[in-house]
Amino acid sequence: MRFKKFYLALTMLIATGALFQPHARADEENQTTKTTFSAPVEIPGQVLPAGSYIFERADDNDLRNVVRIFNADRTVLYSTLETNPVDRMSPTDSPSITLAEQGSGNPDALVRWFYPGSLTGHEFVYAKPEAKELTQAKLDTFVGGRLVNGAQVAGE
């Protein structure tokens, strides 16, 4: 009888643990990513100073292409930005960020952000004149904070 109670209690414990599993995926759902820039970076509408930031997708399923950018401790919301979905051929194990070199003393512009393991990322929407310039700029992709060559990020 005691063994039955023990196994019943163990089963309940395992079942209860399974109920809490979706909370462990919260970062996956909204794609929360912390990243650090060693130099200023332009985003649509403003320039972020060098520092650490949190990127996340809006919680609302109707706003899956909206990204929010916070400071590292979430006390300041810098921007809420519309993005376009963009695909790549293979996922990476770390966050991937693509910057466009703007030259002549201007900060690099944030072009794309991919959550680790995801084939679909976020391409930031700039005003038409700037967007045209960015399509002609040299792009640098960073995976896990390291610059990678084009062959390593094929499909982005």
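Each remark here, short or long, concerns the structure printed above.
Since this is a predicted model, take the numbers as computed values, not measurements.

Rules used in this analysis
- Residues numbered from 1 in each chain as written.
- Predicted model: local features only at pLDDT ≥ 70, side-chain atom pairs only at ≥ 80, totals over all residues.
- Heavy atoms only, no water.
- Salt bridge = Lys/Arg side-chain N within 4 Å of Asp/Glu carboxyl O.
- Helix = DSSP H or I, 4+ residues; strand = E, 2+ residues; numbered from the N terminus.
- Buried < 20%, exposed > 50% of the residue type's maximum accessible area, 1.4 Å probe, protein only.
- Phe/Tyr/Trp six-rings, centres within 6.5 Å; stacked < 30°, edge-to-face > 60°.
- Lys NZ or Arg CZ within 6 Å of the ring centre and 35° of its normal.
- Lys, Arg positive; Asp, Glu negative; His and termini not counted.
- Polar contact = N/O pair within 3.5 Å; in protein donor to acceptor, adjacent residues only side chain to side chain.
- Contact = heavy atoms within 4.5 Å.

> How should the pattern of salt bridges be read in this particular structure?
Close approach of charged atoms lets side chains of opposite charge pair. Overall, the coordinates contain 5 salt bridges when judged by the stated rule. As a salt-bridge pair, Glu 56 and Arg 68 come within 3.2 Å of each other at their nearest N and O atoms. Of this pair, Glu 56 sits in strand 4 (residues 51-57) while Arg 68 is found in strand 5 (residues 66-71), placing the two residues 12 residues apart along the sequence. One exposure class covers both Glu 56 and Arg 68, and it is buried.

> Even after reading the chapter, I still don't get the packing of aromatic side chains, so can you show me in this structure?
Each aromatic ring pair is characterised by the separation of its centres together with the angle its planes make. A complete count under the given rule lists 4 aromatic pairs for this structure. With a centroid separation of 6.1 Å and 40 degrees between ring planes, the pair formed by Phe 37 and Tyr 53 is classed as tilted. With Phe 37 in strand 1 (residues 33-37) and Tyr 53 in strand 4, this residue pair connects regions lying 16 residues apart in the sequence. When its relative accessible area of 3% is taken as the criterion, Tyr 53 is described as buried. Aromatic side chains Tyr 53 and Tyr 78 sit 5.4 Å apart centroid to centroid with 70 degrees between the ring planes, which places their arrangement in the edge-to-face category. Of this pair, Tyr 53 sits in strand 4 while Tyr 78 sits in strand 6 (residues 77-87), and the two are 25 residues apart along the sequence. Classification of Tyr 78 as partly exposed rests on a relative accessible area of 29%. Three or more aromatic residues joined by ring pairs make a cluster, and in this case those are Phe 37, Tyr 53, Phe 55, Tyr 78 and Trp 113. Positioned over the ring face of Phe 70 is Arg 74, at 5.2 Å from the centre of the ring.

> Where do I start with the side chain of Glu 42 in this structure?
Tracing the sequence through the fold places Glu 42 in strand 2 (residues 41-43). Although Glu 42 is buried, it forms no salt bridge, and the closest oppositely charged side chain is Arg 112 at an N-O distance of 15 Å. A polar contact of 2.7 Å, which involves the side chain of Glu 42, links it to the side chain of Gln 102. When neighbours within four sequence positions are excluded, Glu 42 is seen to be in contact with Val 47, Gln 102, Pro 107, Asp 108, Ala 109, Leu 110, Tyr 126 and Glu 130.

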